[in-house]
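Below are the chains, spelled out letter by letter.
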Amino acid sequence: MKDKVFGVLQRIGRSFMLPIAVLPVAGLLLGIGSSFTNETMIASYGLQGILGDGTILHGLLTVMSKAGSAIFDNLPLIFAAGVAIGMAKKEKEVAALSAVIAFFVMHVSINAMLTIDGQILADGTIASDVLSGTIASMCGIQMGVFGGIIVGLGVAALHNRFYKIELPNALSFFGGSRFVPIISTVVFVFVGILMFFIWPVVQNGIYALGSLVTGTGYVGTLIFGI
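Residue numbers run consecutively from 1 along every chain, following the written order of its sequence. Two thresholds apply to this predicted model, a pLDDT of at least 70 for residue-level local features and 80 or more for giving and counting side-chain atom pairs, whereas whole-chain, interface and lining totals are computed over all residues. Water and hydrogen atoms play no part in the side-chain values, which are based on all heavy atoms of the structure.

Draft legend 1. Seen up close, the overall build of the protein. When its secondary structure is counted, the protein shows ten helices and two strands. Radius of gyration means the value over C-alpha atoms here, while the globule rule gives 2.2 Å times the residue count to the 0.38 power. For 226 residues, the compact-globule estimate of 2.2 N^0.38 gives 17 Å, and the C-alpha radius of gyration of the protein, at 22 Å, exceeds that figure by more than 25%. C-alpha extents for the protein along the principal axes are approximately 75 × 45 × 45 Å. Here the protein holds 226 residues, and the buried ones make up 33% of them. The long-range share in the protein, meaning contacts at least 24 apart out of those at least 6 apart in sequence, stands at 66%. Areas reported as accessible are Shrake-Rupley estimates using a 1.4 Å probe. Residue values count occlusion only from the protein chains shown. For the protein, the exposed area adds up to about 13500 Å²; of that, 70% sits on carbon and sulfur atoms. Each helix is a run of DSSP H or I of at least 4 residues and each strand a run of E of at least 2, with the numbering of both proceeding from the N terminus. Summary of the burial criterion: residues with accessible area below 20% of their type's maximum are buried, those above 50% are exposed, and those between are partly exposed, where the area comes from a 1.4 Å probe applied to protein chains only. Note on contacts: a residue pair qualifies if any of its non-hydrogen atoms lie within 4.5 Å across the two residues.

Draft legend 2. Quick peek at the side chain of Ser 65. One can find Ser 65 in helix α5 (residues 56-73). With residues up to four places along the chain from it excluded, the contact list for Ser 65 reads Leu 29, Leu 30, Gly 33 and Ser 34.

Draft legend 3. A look at the environment of Gly 175. Tracing the chain through its elements places Gly 175 in the loop between α8 (149-162) and α9 (179-215). Judged by its relative accessible area of 12%, Gly 175 is buried. Along the backbone, Gly 175 and Phe 162 are 13 residues apart, and their C-alpha atoms lie at a distance of 8.7 Å. Setting aside residues no more than four positions away along its own chain, Gly 175 makes contact with Ile 165 and Leu 167.

Draft legend 4. Molecular detail of the packing of helix α2 (residues 23-35) against α5. Lines fitted to C-alpha atoms define the axes, with helix axes restricted to the stretch in contact, and inter-axis angles between N-to-C directions lie between 0 and 180 degrees. Packing of α2 against α5 leaves a shortest axis separation of 7 Å and a crossing angle of 140°. By the angle between their directions, the pair α2 and α5 is classed as oblique. Along this stretch, α2 crosses α5, giving a crossing that reads as left-handed. Of α5, the residues touching α2 (which contributes Leu 23, Ala 26, Gly 27, Leu 29, Leu 30, Ile 32, Gly 33 and Ser 34) are Leu 61, Met 64, Ser 65, Ala 67, Gly 68, Ser 69, Ile 71 and Phe 72. Partitioning the contact of α2 with α5 into residue classes produces ten nonpolar, six polar and no charged. With respect to orientation, any angle under 35 degrees is reported as roughly parallel, any angle over 145 as roughly antiparallel, any angle of 65 to 115 as roughly perpendicular, and every other angle as oblique. Definitions for this section: a left-handed crossing has its near helix turned counterclockwise from the far helix by less than a right angle. A right-handed crossing has that turn clockwise. Three classes are used: nonpolar for Ala, Val, Leu, Ile, Met, Phe, Trp, Tyr, Cys and Pro, charged for Asp, Glu, Lys and Arg, and polar for all others, with Gly counted as polar.

Without other data, these values stay purely geometric and don't point to any function.
Structural data, given as structure tokens:
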């Protein structure tokens, strides 16, 4: 039992490596692009002629900054696909596609629940009584803030369970690997609804832990380090 648990944890850890591998490059693009297009820095060193607005270098650095930022802004989606690929036993490309579909389905479901609850208004803005930072927007979807790791692990489990499924002859076209995105879509509609109720509890715990860390001096520093 112990070996099995450690084996699963090792697979999960390895599955994180694929999306993590792109972060250094994204960090370099964002860091270099943002640093050398900073107006204060350019003015301080008198580099307007080389790096000022309208120069070729400024345009190139702006593109680099936007490219790096795109990766960081969409990390949940990247992790959803990456974890699904890493955890899937075979036909990993199907797992990746299913994870992307499930990610959007789950977050649109959460968005719908937030709208029904009045936390997101009819015009798409966030209600004034909603705690700042609890709802974020990604890919045009306003949603609760939590990673795509949940999607990646869930889709991988569904994929490994159903990618060889055989359906009756009348439905045989939807059998095998084609069934994975179908079942992922259905399951993650309900996961999204469930997360609407579960995540606020987790989020309140995170906020409470943050308050404990910032309000207890050296003890808080120790807790944060652990």
